[in-house]
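Summary of structural features
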Amino acid sequence: MLPKFLFAFLSLVTVSLLFSSPVISHEEKPDGKTSLPERKHAVLEDIKASHQAPLSLGTETLPSWTQLLAHLSEKNSSSLSTNAEPTKEASSPDSDSLKEVIHRLYRNDQEFLLRAKKDSILPPIHLGWLFHGFPHTLSEEHIIEIFIQAFYPDPAINSLNLFTGEGLPSEIIAQRITGYLICQEIVTLGSENTGSSPFFAEAQKQLKNLNSFLRQTVQNAYRIGIEDWDSSATYPLSISAWLTLFDNATSPDVRDCARAMLDWYAATIALRTLGNTFGGPESLHNVMPSPLNDLSWLWWGEISRSTLPVSDENSLLFYASLSDYQPPVITQALARKTSQTLYGQYHESKPLNLGKKETPFWQSRVHFYIGPSYTLGASVLRPTGGWTSFARQEILWKLVAINRAEHSASWLVTGSSGRDPWRQVSQWKNVLFDVWHTPMDSSELANKARLTIQGANPNSWYHQWQKSFAKRFPDDRVTPNPVKINKIAGDGRRATLSFPSADSALSLIEQIVFIQLDQTYLAIRSINEKSPILQRTSQDTVLSDPVPLGWFGGFIIEVGSQSEYPTFSDFQAAIHNKKSEIYISANSGKIDYTNLSGERIQFSYNTKGSYTEPIYNWGYGDTLGQSPAWPTGEGHGRVPLLLINGEKTPTLSQGTVYQGPALTLKNGILTIEIEDNLYQVDFSGEQPVFRQNERSSQDNLKTNDKSI
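Residues numbered from 1 in each chain as written. Predicted model: local features only at pLDDT ≥ 70, side-chain atom pairs only at ≥ 80, totals over all residues. Heavy atoms only, no water.

1. Overview of the overall build of the protein chain
Scanning the protein chain from N- to C-terminus turns up 18 helices and 28 strands. In the protein chain, the proportion of contacts linking residues at least 24 apart, taken out of those at least 6 apart, comes to 71%. As displayed, the protein chain offers around 26,800 Å² of accessible surface, 50% of which is attributable to carbon and sulfur atoms. (Helix = DSSP H or I, 4+ residues; strand = E, 2+ residues; numbered from the N terminus. Contact = heavy atoms within 4.5 Å. Areas by Shrake-Rupley, 256 points an atom, 1.4 Å probe, with all protein chains shown as cover.)

Here is the structure:
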């Protein structure tokens, strides 16, 4: 049955490579003069060179998906790498091998399914790509069988149906796109076909429903953004799915929607990219380094491929290499930061996962700053609690500094991972505040959160979800309860930040840690201790600041560049000249700081308020996104107050998702403008409209209001 097939097939994606080997390096000049087709070809050559071991189809050991695709693409790689149509042979060893693998994966193995679900294996996009990338490797009978099993799944796992399944937003998209492509196949076979005839009407109906769903998904991205935003963990799955749809949808309207979504990703990833390193905060991150780094190399080719092999954990690179999609030309300038007009602060609006999108409380903000040699981005004004396990996977801020060493990736500096219930982050341009607190009653507050989320009370979130799930999917016997709490320690809390030790200059002068990363300079102050506590090894440098009960700790970071201060000593002197203009209170969480540009920045930790939790895996009840009544009051504040020269930071006007010097997304119109070049995707109507160097009649993207 299809869910079994899908679970088994995705296991080839999520398990470790059975035959792994390092990436084969490809010499490339730092200015990135190789073309996109050449870089695609290099990836395909890596796949073949890394997986020469023959497929052991007659044994119990299943091949890795990269082995399978390398085997299948052996005769097709040269044409695919230049965006030509793949070779389509009705009968070949490739076809026979694939059919044998598919038959073996159809095994009715309940134990395997239980293990697969336990490991969170989810329906993949890979099936959709496989039978479209190699359309003659599957017989008509196989396609009919696949549709039957997709539409009438095993009740034991019907919550993961391709048409009604739940999960992370990226997982839902992957399911729906695979379902769309399967329905497209049935409709293509026609109502007169003996095999497809009994299912033609249902496939046609589902194709229409999924068409509307996918269009609405893209429109929402242009209206409010993406729920699992800027995520190295989920973007690879989502982008691969949209690439699959772009390459294989037969409807021009659906292809345009897929292109609009891919242009959205290309623009926002290019904005965050510096030296092929994906910067800024992330809603979910469990891979370091990010697969988005190698995608940046593939799409824009600034420097050599950095780190990850094409593997089960980095399948995105393979999909992008096989796809016909090419990002808008202007995104290369955005990714390479070739113009000073890109510099400045970008304000971004982010929705909470499955939240009430119409309510401002469910929105959060990101500040992202591009300087002459670095980027700095932080998740600010985000009212999430940090009690759930997925909230602990957030990356709250990152600084990326360019490294001019040949073939080298950029420097990466970041703080402790995870949304902490008593950690508040804020940023203004080149200054970042990472402030931690440990309330005196932290143990009592943690117990209240535990009871709300996973307590024995039948009204706890855990039990409410379980009851709702059983009502909606009464026969599902293998899906675990995704509602989990992350335990937060009250004692011994310590704020930390880390960066690579190699080739960095570090000095402690008058209680301030100064760091030079090539052309980028950092000044770091601690909030609790007189100066940051330093631990340095040959690999990493870690700065820390203890946060005892009732007190505040953390860091204040100001960043400068060689283009602003010719020498490291000049930067240090400028920082020390303003030493009298700094006030830090470790017992109140208040900071009064004047930056090197003369702006007075006042940070106030918010100890009292309310919070919510993002619903990353499913919702419960009749309304998707329903959430418990979370504790409020003292100890539950989540959003700090930030004043700039005595005034609150500007708010984003309704309908604005991105606002900055070179990239704006407002009222459904994505605009990239760099010097005299402009590219727009206008999705304010029912279908996207693409414009190159042509301004829309709704050119109201810039305003002089305090709201931006």
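2. Observations concerning the sheet that holds strand E9 (residues 431–437)
One key point about sheets: their strands pair by backbone hydrogen bonds, in either a parallel or an antiparallel sense. Spatially, six strands are ordered E8-E9-E16-E13-E12-E11 in an open sheet, and the strand pairing comes out antiparallel. The strands lining the two open edges of the sheet, one partner per strand, are strand E8 (423–428) and strand E11 (505–509). On average, adjacent strands in this sheet sit at an angle of 15° to one another, irrespective of strand direction. Examined bridge by bridge, E8 and E9 share six bridges and lie antiparallel to one another. Bridge pairing in E9 links Arg423 to Trp436. Of the strands in this sheet, E11, strand E12 (512–517), strand E13 (520–526) and strand E16 (552–561) touch helix H18 (residues 568–577), which is tilted by about 150° from E12. (Pairing = 2+ DSSP bridges. Axes fitted to C-alpha atoms, helices over the stretch in contact; angles between N-to-C directions.)

3. Details of the side chain of Lys337
Residue position: Lys337 is located in the loop between helix H15 (330–336) and strand E3 (344–351). With relative accessibility at 10%, the residue Lys337 sits in the buried group. At a separation of 2.4 Å, a polar atom in the side chain of Lys337 contacts the main-chain carbonyl oxygen of Thr273. In terms of polar contacts, Lys337 uses its side chain to reach the backbone carbonyl oxygen of Leu334, at 2.8 Å. Once residues lying within four places of it in the same chain are set aside, the contact partners of Lys337 are Ala270, Leu271, Thr273, Leu274, Leu342 and Ile370. (Buried < 20%, exposed > 50% of the residue type's maximum accessible area, 1.4 Å probe, protein only. Polar contact = N/O pair within 3.5 Å; in protein donor to acceptor, adjacent residues only side chain to side chain.)

4. Remarks on the nonpolar core
Ile239, Trp242, Leu245, Trp264 and Trp299 are the most contacted members of the largest nonpolar core, which has 75 residues in total. Here the element with the most residues in this core is helix H12 (residues 252–272); it accounts for 13 residues. (Core = buried A, V, L, I, M, F, W, Y, C linked by side-chain atoms within 4.5 Å.)

5. Quick word on helix H16 (residues 442–454)
The end-to-end C-alpha distance of H16 is 18 Å, a good match for the 18 Å that 13 residues give at a rise of 1.5 Å each. Listing the buried residues of H16 in full gives Ser442, Leu445, Ala446, Ala449, Thr452 and Ile453. In an axial view of H16, the angular spread of the buried residues amounts to 125°, which keeps them on one side of the axis. (Expected span 1.5 Å × (residues − 1). Arc of directions from axis to C-beta.)

6. Some words on the pattern of salt bridges
Following the criterion strictly, the structure yields 15 salt bridges and no others. Arg493 serves as the salt-bridge partner of Asp420, at 2.9 Å between the closest nitrogen and oxygen. With a gap of 73 residues between them, Asp420 in the loop between strand E7 (411–415) and E8 and Arg493 in the loop between helix H17 (461–472) and strand E10 (494–500) connect regions that are remote in the sequence. Accessibility expressed as a relative area gives 3% for Asp420, which makes it buried. Residue class for Arg493 comes out buried when judged on its relative accessible area of 7%. Arg600 is paired through a salt bridge with Asp592; the nearest N and O atoms lie 2.5 Å apart. Accessibility expressed as a relative area gives 15% for Asp592, which makes it buried. The structure contains a network of salt bridges with shared partners spanning Asp230, Arg272, Glu348 and Lys350. (Salt bridge = Lys/Arg side-chain N within 4 Å of Asp/Glu carboxyl O.)

7. Observations regarding the environment of Pro291
Tracing the chain through its elements places Pro291 in helix H13 (residues 291–300). Along the sequence, Pro291 and Tyr235 sit 56 residues apart, while their C-alpha atoms lie 9.0 Å from each other.

8. Things to note about H18
Every buried residue of H18 is accounted for by Phe568, Phe571, Gln572, Ala574, Ile575 and His576. Buried residues along H18 sit against E11, E12, E13, E16 and strand E18 (590–594).

9. Re the packing of helix H11 (residues 235–248) against H13
Where H11 contacts H13, the two axes come as close as 10 Å, and the packing angle between them is 40°. Here H11 lies oblique to H13, going by the angle between them. Judged by residue contacts, Tyr235, Pro236 and Ile239 of H11 engage Pro291, Leu292, Leu295 and Trp299 from H13. (Parallel < 35°, antiparallel > 145°, perpendicular 65-115°, else oblique.)

10. Some remarks on the pairing of E10
It is a general feature of regular strands that their side chains alternate between the two faces of the sheet. On E10, burial follows the alternation: Ala495, Leu497 and Phe499 on one face are buried, whereas Arg494, Thr496, Ser498 and Pro500 on the facing-out side are not. Bridge count between E7 and E10: two bridges; the pairing is antiparallel. Looking across to E10, one finds that Gly415 is bridged to Leu497. In the sheet, E10 pairs with strand E15 (residues 540–546) via seven bridges, with the strands oriented antiparallel. Each residue of the ladder has a partner; that of Ala495, found in E15, is Asp545.

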